[in-house]
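Residue strings, one per chain:
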Amino acid sequence: MVPNPDQPTGPEAKPFIGLAKTFTPEDEAALRESLKRCSPSTFEAAVQYRRTGNPEHVPAVVIGVIERFVEPDLRVKLKEADDDLRLIDDLGVDSLTMMEIVVLVEDVLQMTINNDELRNLRTVGDVKLFIDCKIRGLPLPKPTKFLPVEQIVAVMPIQPPFLFLNEASVSSSGANGKYKITGQEFFLQGHFKDNPVMPASIMLEALGQLGVLFLLEGVSTEPGKVVSSSTIFFTGCEGVRAHRICRPGDILSISIKPKRTKMPLATFEGAIRVGQEKAAIVEEFTLTFGLEDAATAAPAAQLSDVPRPTSITGLGQIANGTGPNA
Amino acid sequence: MPKVYITGLGFITSIGNDRASVTTSLRELRHGFERYAPFAGPEVPVKVAAPVRGFQMDSTDPEDWTFPKGYTIRREVLRGMSPNAVYSWCAMQQAIADARLTPAEISNPQTGLYAASGGSPFLMGHMLQRMHQQGVMKCSPLGIIASISGTLNFNLVAHFGIKGSSCGFSSACASSSHALGFAYDDLALGRQKRMFIVGAEDGNPDAILPFASMRALSLQTDPNLASRPFDTGRDGFVGTGGAVVLVLETEDEVARRGVTPYCEVAGWGQASDGHNVAISHPDGHGLAAAIKLALAATNTPAEAVDYVNAHATSTPIGDTSEARALKSIFRTPATRPAISSTKAITGHGLSLAGAMESGFCALAIRDGFMPGSANITRLDPECEGLNIIRSTLPAQPRVVLNNVSGFGGANVSLVFRQA
């Protein structure tokens, strides 16, 4: 018989830590009322969590609560279980809706979330990871970092006219970037004659460049060491498929996720979309990299403290009292 | 100074949720009263109210609310709304359609919005209860937006993209007449080209019943007898809610857009009793002064007034006070105007009253009738000599006066003229 992890039975069973209070029928009734506009599975997951403290149920609760506040026509996106879904751009969640989500999550999971902790939550994945860390008592994840083109240029060994990233965001779980095909790229003069098409090899290059940025920004290494920008090179790729012809005017949405990282190799999966259309996927590609002493590294790291130009959620403004007019 | 006209109206009231049904109710004196279900319990001495029909908003959760067909409000809009904001949102839609305004004509620096409601005691009570019981951080993030008395202007200005003047007015039952008066000033002074005036109230138990302990509400159990301004048997007002929206525009805008206005807003006057926080001056001094100022401001001789829509709410003291004020102004019996209180069929809308009854005056002038003062069986002797009309007259008034009086002795009188 497979033991149910949610039902600690014998004396040897280890209940999950985290929830000190017992879950009474009154609590269940209040929970049902709080979640009355959420799916039944959200309620079930919340009940399981409150009974057992098992954090495995938390993602379903969080997604269920977000879904309840998202306009019905956008809810289908949440079904895709894409952690890169952006709360504002993809789901239409504004800062006040975020507060509604927070109040309900706090109520249902019996936790407290501070305003300043919310500032860096930009994607569904950010929210899930953040709540998971809070519940398990783990240190909070490094916030997603946003890099405008100036900052990318400052960090990267690759430079224009061969840089194919206009902006990027890097978190511990991966990186996203954008590149707009301007039509002025030198290689489009010949690829093809009177018929400019972004070469698939350059799209693969763009994915690789995002991998380089991830290594330089996102990988934790040994203490006192950083990834050396002059040591990163492409070693190989597998399962490359192009699905869509990309032309001047198209905006490439480039994303990569690390699959394995073990000195000196880092392997990623990658995808490029244009809008909602798949443009290219790479099942995996691998970069090699080396380390150097942090003290001798290029001064690029100092740039990481450049403030983001605009508040992403506006929650920071509320926290500072400069948001809604009182 | 440019002339100012009423070019659009929207109604969500106890006597109808559109202009046509409101006009019919006014002409035929059909009332909006009923034995109000939330007052059924033995602990509530008040039994009659004039609720708005077609809306279901008795839950504290706006996502439970239902509206008549044709009105849909997105969740992100609804979450900051009180019931009276919902009523006003619907009345705005009507007024905009009625005035045939384009989105650009609604959202520009020359178009403003003045509003008046008492807020939402219902949602305020719920929010404070939740705060005390469950904690300060457990309130709805927009609870304050939905419940304080600026809820109308907060919601409407944001959702309709108003870019001109905006403000809420708070003088109790005189509020929306103050809003209309100051909107007139902004238009006459050239500060704005177009103004929305909004009056609204929840009209639910939490909005109405706090008036019971001051003995202001009628304890009548018969819906046909509860509201009877100027009758000797009157014993208090009957509460109502809803929303009325008026669109005011300058003569230049009326000419440019080629629309036919309902009537002209000729001007207004206001004066205060300086007497009591809740009770009108017994001789109606403040109201008489407001009427005098309104007539003077519009160069209107008292004899020129054809119809007065009285404030008379059906309270013993208030109606007497107004009757004395009217007698002090309209001294020549032969030229005394027709007078009625339409609260005999609508009930008293508090902050909504001035806007609602100004809307009625506009209908009366354009459609050519003067609504009667219903439910008078024995006229109060104090009213002897006043021409209080018991039934609707099919005659078109050219000059109309609308009175309101609010707590603190605030009085406003508005003058409307045939366009």
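Residues numbered from 1 in each chain as written. Chains lettered and ligands numbered in written order. Predicted model: local features only at pLDDT ≥ 70, side-chain atom pairs only at ≥ 80, totals over all residues.

(A) Structural view of the overall build of chain B. The secondary structure content of chain B amounts to 14 helices and 13 strands. In terms of overall dimensions, chain B is globule-like: its C-alpha atoms have a radius of gyration of 20 Å, near the 22 Å expected for 419 residues. The principal-axis extents of the C-alpha atoms in chain B amount to approximately 65 × 55 × 40 Å. Going through the 419 residues of chain B one by one, you find that 60% of them count as buried. Relative to all contacts within chain B whose residues are 6 or more apart in sequence, the contacts with residues 24 or more apart total 80%. (Helix = DSSP H or I, 4+ residues; strand = E, 2+ residues; numbered from the N terminus. Rg over C-alpha atoms; globule rule 2.2 N^0.38 Å. Buried ≥ 20, exposed ≤ 12 C-beta atoms within 10 Å, placed from the backbone. Contact = placed C-beta atoms within 7 Å.)

(B) The arrangement of the domain arrangement of chain B in detail. All names here are of chain B. As far as domains go, chain B holds domain 1 (4-257) and domain 2 (265-417). Look at where the C-alpha atoms of domain 1 and domain 2 centre, and you get two points 21 Å apart. Of the residues lining the interface, 61 residues belong to domain 1; the matching set on domain 2 comes to 57 residues. Among the secondary structure elements, those contributing two or more residues to the side of domain 1 that touches domain 2 are β1 (4-12), α1 (19-28), α8 (175-188), β6 (194-201) and β7 (242-250). Among the elements that take part in the side of domain 1 that touches domain 2, α8 stands out by supplying 7 residues, more than any other. Broken down by class, the residue content of the side of domain 1 that touches domain 2 amounts to 31 nonpolar, 24 polar and 6 charged. (Domains from an automatic or database assignment. Nonpolar A, V, L, I, M, F, W, Y, C, P; charged D, E, K, R; others polar.)

(C) Spatial organisation of the nonpolar core. Residues I197, V198, L246 and L248 of chain B are the most contacted members of the largest nonpolar core, which totals 127 residues. Take this core: its biggest share by element is 10 residues, from helix α3 (residues 83-99) of chain B. Per-domain counts for this core show at least three residues from each of domain 1 (4-257) and domain 2 (265-417) of chain B. The contacts of L248 of chain B, once residues within four sequence positions are left out, are V4, Y5, I6, A183, Y184, L187, R194, M195, I197 and V265 of chain B. In terms of nonpolar packing, the next biggest core, distinct from the first, is built from 38 residues, V170, Y179, M198 and L287 of chain A among them. (Core = buried A, V, L, I, M, F, W, Y, C linked by C-beta atoms within 7 Å.)

(D) Examining the interface of chain A and chain B more closely. Counting residues at the interface gives 7 residues for chain A, matched by 5 residues for chain B. Of the residues that constitute the side of chain A that touches chain B, the class distribution is 3 nonpolar, 1 polar and 3 charged.

(E) Focus on α3 of chain B. The end-to-end C-alpha separation of α3 of chain B is 24 Å, in line with the 24 Å expected for 17 residues at 1.5 Å each. Just downstream of α3 of chain B, R100 of chain B is the residue with a positive phi angle, here 55°. (Expected span 1.5 Å × (residues − 1).)

(F) Representation of the environment of F164 of chain A in the model. Residue and element names in this part refer to chain A. Mapping F164 onto the fold places it in the loop between α8 (149-155) and β2 (167-171). In this structure the C-alpha to C-alpha distance between F164 and V65, which are 99 residues apart in sequence, comes to 37 Å. Once residues lying within four places of it in the same chain are set aside, the contact partners of F164 are Y179, I202, E205, A206 and Q209.

(G) Region of the structure containing the packing of α8 of chain B against helix α14 (residues 353-367) of chain B. All names here are of chain B. One can describe the packing of α8 onto α14 by two numbers: an axis separation of 5 Å at closest approach and a directional angle of 65°. Along the contact surface, α8 presents S175, S176, S177 and L180, while α14 presents A353, G354, A355 and S358. Taken together, the residues that form the contact of α8 with α14 break down as 3 nonpolar, 5 polar and no charged. (Axes fitted to C-alpha atoms, helices over the stretch in contact; angles between N-to-C directions.)

(H) Seen up close, the environment of P381 of chain B. All names here are of chain B. Note on placement: P381 falls in the loop between α14 and β11 (387-388). Here P381 falls in the exposed class, since 10 other C-beta atoms lie within 10 Å of it. When the C-alpha positions of P381 and E34 are compared, they lie 29 Å apart, and in sequence the two are 347 residues distant.

(I) A look at the sheet that holds strand β7 (residues 265-274) of chain A. Residue and element names in this part refer to chain A. Strand order in the open sheet formed by 7 strands is β1-β2-β3-β6-β7-β8-β5, and the pairing between neighbours is antiparallel. This sheet does not close on itself; its edge strands, each paired only once, are β1 (145-148) and β5 (233-242). Each strand axis lies, on average, 20° off the axis of its neighbour in the sheet, ignoring direction. By the bridge criterion, 5 bridges tie β2 to strand β3 (residues 174-180) in an arrangement that is antiparallel. (Pairing = 2+ DSSP bridges.)

(J) A look at the environment of Y114 of chain B. All names here are of chain B. Assignment of secondary structure puts Y114 in strand β4 (residues 111-116). The spacing of Y114 and L152 is 38 residues in sequence and 9.0 Å in space, taken between C-alpha atoms. Every residue in contact with Y114, bar those within four places of it in the chain, is listed here: C167, F169, A179, F182, A183, M195 and I197.

(K) Just the packing of helix α3 (residues 58-69) of chain A against helix α7 (residues 124-136) of chain A, in detail. All names here are of chain A. Running from N to C, α3 and α7 point in directions that differ by 135°, and their axes come no closer than 10 Å. Here α3 is positioned oblique relative to α7, judged by the angle of their axes. The handedness of the crossing between α3 and α7 comes out as right-handed. Note on element contacts: α7 touches α3 through V124, V127, K128, I131, D132 and I135, opposite V58, P59, V62 and I66. Residue composition of the contact of α3 with α7, by class: 8 nonpolar, no polar and 2 charged. (Parallel < 35°, antiparallel > 145°, perpendicular 65-115°, else oblique. Left-handed = near helix turned anticlockwise from the far one by under 90°.)

(L) Summary view of the sheet that holds strand β13 (residues 410-417) of chain B. All names here are of chain B. Pairing is mixed in the open sheet, where 11 strands are placed in the order β5-β4-β6-β7-β1-β8-β13-β12-β9-β10-β11. At either end of the open sheet lies a strand with only one pairing partner, and these are β5 (166-168) and β11. Here strand β8 (residues 263-272) runs beside β13; their pairing, made up of 8 bridges, is antiparallel. Across the sheet, the residue bridging to V265 is F416, located in β13. Running at roughly 140° to β8, helix α11 (residues 285-297) makes contact with β8, β12 (399-406) and β13 of the sheet.

(M) Quick peek at the confidence of the model for chain B. Model confidence for chain B is summarised by a mean pLDDT of 97, while 100% of its residues fall at 70 or above. Model confidence for the complex: the whole-complex pTM is 0.78, and ipTM, which rates the interface, is 0.73. (pLDDT = per-residue confidence, 0-100.)

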